[in-house]
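These are the residues of each chain, in order.
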Amino acid sequence: MNLHNPQSIDPVCLTKLDTSMAIHQLTYRNVTYHFCSAHCQERFSEAAVFFSAPQRIDELHPIPKHHRLRVASVPEAIREVAGICLSEVRGVSNVLIGDGYADIDYDLRLVSLNQLEAAMKDAGLPLKGWLHGLRRSLWSFVEHNELENLASQPSPCCSRPPIRVR
Ligand SMILES: [Zn+2]
């Protein structure tokens, strides 16, 4: 990336940015990336191998995820506000919060389960621990591997079988 170029694209959400205005940035493998928000910068950091791959994320299909998360019982007013907060998180397509659970649909390219857990805590929805905490750790681990695998795959236009070297 040309550092003198005043235009840059957020590699996570593909928003065009004026780099002189962008306050969220980081350098990965000698390339400086700019982000529209702390959310996108954090998402990049979680899966830098994926987001720094030559393939842009809009060339990949959405990676829809659905999870039912167990949450503590909270008053309905808090559930409503939390539902609004969560539905505004980038990458979230659907949220349904009931008594003791939250059903969330999201696109793994744009938001991770880790980020959703943090957003839920911020919104006053405490997640259940113990076995459910272990299960969430496993889901996060699987998500991470899924992105790393995608990053290491050849792009669809070169899906020919590899030439065998004798
Ligand atoms: Zn962004």
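No experiment lies behind these values; they were computed from the predicted model shown.

Visitor: Which parts of the structure should I look at to understand the sheet that holds strand 6 (residues 92-98)?
Guide: Adjacent strands of a sheet pair through backbone hydrogen bonds, lying either parallel or antiparallel. Overall, antiparallel pairing links the 3 strands, which are arranged 5-7-6 in an open sheet. Bordering the open sheet on either side are strand 5 (64-70) and strand 6, each of which pairs with just one other strand. Adjacent strand axes in the sheet meet at a mean angle of 10° when their direction is disregarded. Judged from the 6 bridges that link them, strand 6 and strand 7 (residues 101-107) form a sheet pairing that is antiparallel. Bridging from a neighbouring strand, leucine 96 pairs with aspartate 103 of strand 7. Against the sheet, helix 3 (residues 76-87) engages strand 6 and strand 7, with an angle of about 170° to strand 6.

Visitor: Sorry, what's going on with the coordination of the zinc ion here?
Guide: Any two of four tetrahedral donors ideally make an angle of 109.5 degrees at the metal, while pairs among six octahedral donors ideally make 90 or 180 degrees. Donor atoms from the polypeptide that coordinate the zinc ion comprise Asp10 (OD), Cys13 (SG), Cys36 (SG) and Cys40 (SG), at 2.1 to 2.3 Å from the metal. Given 4 donor atoms and angles of 100 to 119° at the metal, the environment of the zinc ion is assigned as tetrahedral. The sequence pattern formed by the donor residues of the zinc ion is D-x2-C-x22-C-x3-C. One end of the pair, aspartate 10, is in the loop between strand 1 (7-9) and strand 2 (16-18); the other, cysteine 36, is in the loop between strand 4 (31-35) and helix 1 (38-46), with 26 residues separating them in the sequence.

Visitor: Quick question: what am I supposed to make of the environment of valine 12 here?
Guide: Secondary-structure assignment places valine 12 in the loop between strand 1 and strand 2. The buried category is assigned to valine 12, whose relative accessible area is 0%. Between the C-alpha atom of valine 12 and that of phenylalanine 51, which follows or precedes it by 39 residues, the distance is 6.7 Å. When sequence neighbours within four positions are dropped, the list of residues in contact with valine 12 reads Phe35, Cys40, Arg43, Phe44, Phe51, Ile57, Arg109 and Leu110.

Visitor: Help me out: how do you make sense of unusual backbone geometry in this one?
Guide: Excluding glycine, most residues fall at negative phi; most peptide bonds, likewise, are trans. We note that leucine 14 has phi near 65°; this positive angle belongs to a residue other than glycine. Tracing the backbone through its elements, the reader meets leucine 14 in the loop between strand 1 and strand 2. Classification of leucine 14 by relative accessible area gives partly exposed; the value is 22%. The phi dihedral of arginine 29 falls on the positive side, at around 50°, and the residue is not glycine. Relative to the assigned elements, arginine 29 resides in the loop between strand 3 (24-28) and strand 4.

Visitor: Help me understand the side chain of lysine 65, please; the structure alone is not making it clear to me.
Guide: Looking at the secondary structure, you find lysine 65 in strand 5. Discounting residues that sit within four places of it in the chain, lysine 65 has contacts with Ile104, Asp105, Tyr106, Leu108, Glu143 and Glu146.

Visitor: Even after reading the chapter, I still don't get the environment of histidine 24, so can you show me in this structure?
Guide: With respect to the element layout, histidine 24 can be found in strand 3. Separated by 14 residues in the primary sequence, histidine 24 and alanine 38 place their C-alpha atoms 6.4 Å from one another. Those residues within four positions of histidine 24 in sequence are excluded, and the remaining contacts are Tyr33, His34, Phe35, Cys36, Ser37, Ala38 and Gln41.

Cut-offs used in this document
Residues numbered from 1 in each chain as written. Predicted model: local features only at pLDDT ≥ 70, side-chain atom pairs only at ≥ 80, totals over all residues. Heavy atoms only, no water. Pairing = 2+ DSSP bridges. Helix = DSSP H or I, 4+ residues; strand = E, 2+ residues; numbered from the N terminus. Axes fitted to C-alpha atoms, helices over the stretch in contact; angles between N-to-C directions. Contact = heavy atoms within 4.5 Å. Donors = N, O, S within 2.8 Å, 3.2 Å for Na, K, Ca; no water. Tetrahedral: all angles 85-135°; square planar, octahedral: opposite > 155°, others 65-115°. Buried < 20%, exposed > 50% of the residue type's maximum accessible area, 1.4 Å probe, protein only.

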